[in-house]
Amino acid sequence: MNNSAVVRHDDLIVGIGGSDDAGVYRISDEVALVQTIDFFTPIVDEAYDWGRIAASNALSDVYAMGGAPLTALQLVGWPRDRLPFDLLADVLDGGAAILEEAHCTLVGGHSIDDNEPKYGLAVTGVVHPDDIITNEGARPGDALVLTKPIGTGLVATAIKRGVANREIRDAAVETMVRLNAAAARAMRRVGVSAATDVTGFGLLGHLGEMLRASGVSAEIEAAVVPLLPGARQFAIDNIVPGGTVRNLEAAARFTRFGDADEPIRLLLADAQTSGGLLLAVNGPLAKALLQALEEEGETGTVIGRVVARDFSDGPSGAITVV
């Protein structure tokens, strides 16, 4: 596929050849389209909240590239003979609420009869061709800033098993439905070297993609990485989704964990849904970025730094947990 003519074009700025969050196609000297798609099965019991989470998650890739969402198409798989359509209406209402908040116009969609319910969006955004932010510009000396706590995969699994209390559940939902729009505005104000959103591959997986694309390595301080309430205890109790386990197995190939215990390793690899942005910013600008995030009503935490890739890091670079 990588050699096929259908994935190569003079106006294709970002395609499937790398590991960026979305594709970018130039329409003119002033406008490029940012295109992405995401959908998944329910991760909470409430249909309305599932719709909100799925929509926020789908929009996130556009924000991570520095773009603004423009239009969206809904994708629905629904077991029509087993679940009422009133429940589907709640899902769609949740998605619509997030689209309205994002000033993104719903233009259509497609549905199929499916044994397992699924919902998500294909989103098109716009960005100036000179303002695209990718995951390949991180440089030694950059600070790594994370804008949302991690642990949604562990909490979602605990919800499914009926062991997450309402306070823990609500904190996770609040995080997942919060758009990355404010974080994107802050990163555009200050200027960042590279960005990605933290989703299914977990913090380590998405940081690893950034390092490989940029030809660098990184150090992260596990003790300062923000966690959702309850997430660490669920990791200790082995209430862990399969995706997180697979992420950790993959991350172990390029991560030096040092003295980090198993729960911390699981948390750092936890498969996220609608996670925050991971930003690499020139070290002296880190405080300015944190200030901009605060002014935009968003949080930010410096969790580590980018370092030069050493020979012992291998060709893909390495993450050292300190």
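All residue numbers refer to positions counted from 1 along the written sequence of the respective chain. Only residues with pLDDT of at least 70 get local features here, since the model is predicted, and only at 80 or more are side-chain atom pairs given and counted; chain-wide, interface and lining totals rely on the full set of residues. Note: side-chain values were computed over all heavy atoms of the structure, leaving out hydrogens and water.

*Asks:* Break down the pattern of salt bridges for me, citing the residues and quoting the values.
*Replies:* Only one rule defines a salt bridge in this text: a Lys or Arg side-chain nitrogen within 4 Å of an Asp or Glu carboxyl oxygen. This model, assessed by the stated rule, comprises 16 salt bridges. Across the pair E296 and R185 runs a salt bridge, and its minimum N-O distance is 2.9 Å. Separated by 111 residues along the polypeptide, E296 in the loop between α10 (286–295) and β12 (301–307) and R185 in helix α5 (residues 181–190) bring together distant segments of the chain. Working definition: with a 1.4 Å probe on protein chains only, accessible area under 20% of the residue-type maximum means buried, over 50% means exposed, and in between means partly exposed. Judged by its relative accessible area of 22%, E296 falls in the partly exposed class. The salt bridge partner of R189 is E296, with a shortest N-O separation of 3.3 Å. You can see R189 sitting in helix α5 and its partner E296 sitting in the loop between α10 and β12, a full 107 residues away along the chain. Each of E46, D49, R52, R166, R169 and D170 takes part in salt bridges that share partners, so that together they form one network. Runs of H or I in DSSP of at least four residues are treated as helices and runs of E of at least two as strands, each being numbered from the N terminus.

*Asks:* Describe a negative patch on the surface, listing the residues and the values that go with them.
*Replies:* Residues forming no salt bridge and having over 30% relative accessible area are the ones grouped into patches, like charges within 9 Å of each other and nonpolar side chains (Val, Leu, Ile, Met, Phe, Trp, Tyr) within 5 Å. What sets the accessible areas is the Shrake-Rupley method with a 1.4 Å probe; for residues, cover comes only from the shown protein chains. Note that His is not counted, nor are the chain ends; the positive residues are Lys and Arg, and the negative ones are Asp and Glu. Here the site of a charge means atom NZ of a Lys, CZ of an Arg, CG of an Asp or CD of a Glu. Residues D29, E30, D130 and D131 make up a contiguous surface patch of negative charge. Relative to the elements of secondary structure, D130 occurs in the loop between β6 (118–127) and β7 (142–146). Here D130 falls in the exposed class, since its relative accessible area comes to 65%.

*Asks:* Quick one: what's the story with the environment of R178, residue by residue and with numbers?
*Replies:* Assignment of secondary structure puts R178 in the loop between α4 (166–177) and α5. Note: C-alpha distance between R178 and T199 (21 residues apart in sequence) is 14 Å. Throughout, a residue-residue contact means that at least one pair of heavy atoms, one from each residue, lies within 4.5 Å. Contact partners of R178, with chain neighbours within four places excluded, come to S56, T147, K148, E298 and T299.

*Asks:* Residues and numbers for the nonpolar core, please.
*Replies:* Residues grouped as a nonpolar core are buried Ala, Val, Leu, Ile, Met, Phe, Trp, Tyr and Cys residues, joined through side-chain atoms within 4.5 Å. Counting 99 residues, the largest nonpolar core has L59, L144, L203, I220 and L268 as its most contacted members. Broken down by element, this core gets its largest block of residues, 10 residues, from helix α1 (residues 47–64). Here L59 is in contact with P69, I98, L99, A102, C104, V123 and L179, once residues within four sequence places are set aside.

*Asks:* Tell me about the sheet that holds strand β9 (residues 217–220), residues and numbers included.
*Replies:* Strand order in the open sheet made by the seven strands is β8-β11-β7-β12-β9-β13-β10, with mixed pairing throughout. Every other strand in the sheet has two partners, leaving β8 (194–197) and β10 (255–256) as the edge strands with one partner each. For two strands to pair, DSSP has to find at least two bridges joining them. By the bridge criterion, four bridges tie β7 to β12 in an arrangement that is antiparallel. Across the sheet, residue L146 finds its bridge partner in β12, namely T301. Sheet strands touched by α5: β8 and β11 (277–282). Its angle to β11, the strand with the most contacts, is close to 10 degrees. Every axis corresponds to a line fitted to the C-alpha atoms, with the helix fit spanning only the stretch in contact, and the corresponding angles, defined between N-to-C directions, vary from 0 to 180 degrees.

*Asks:* Go over the packing of helix α8 (residues 242–251) against helix α9 (residues 262–269), please, and point to the residues and values.
*Replies:* Here α8 crosses α9 at 100 degrees, and the two axes come no closer than 8 Å. With respect to their mutual orientation, α8 and α9 come out roughly perpendicular. On the side of α8, the interface is formed by T244, N247 and L248, while α9 contributes E262, R265, L266 and A269. Under the convention adopted here, Pro, Cys and the residues Ala, Val, Leu, Ile, Met, Phe, Trp and Tyr are nonpolar, Asp, Glu, Lys and Arg are charged, and Gly plus all remaining residues are polar. A class-by-class count of the residues in the contact of α8 with α9 yields three nonpolar, two polar and two charged. In this scheme, roughly parallel covers angles under 35 degrees and roughly antiparallel covers those over 145, while 65 to 115 is roughly perpendicular and the rest are oblique.

*Asks:* Explain helix α6 (residues 202–214) to me, and be specific about the residues and the numbers.
*Replies:* Spacing of three or four residues puts side chains on the same side of an α-helix, whose turn is 3.6 residues. Here, expected helix span is obtained from the residue count minus one, scaled by 1.5 Å. With 13 residues, α6 should cover 18 Å at 1.5 Å per step; its first-to-last C-alpha distance of 18 Å lies within 8% of that length. Counting buried positions along α6 yields 11 of 13 residues, so the element is predominantly enclosed. G215 sits one or two positions beyond α6 and adopts a positive phi of about 70 degrees.

*Asks:* Give a detailed account of α10, specifying residues and quantitative values.
*Replies:* All of the buried residues in α10 are A286, L289, A292 and L293. For α10, the angular spread of buried residues about the axis comes to 120 degrees, placing them on one side. Turned more than 90 degrees from where α10 packs its buried face, K287 and E294 sit exposed. Note: the arc covers the axis-to-C-beta directions of the helix.

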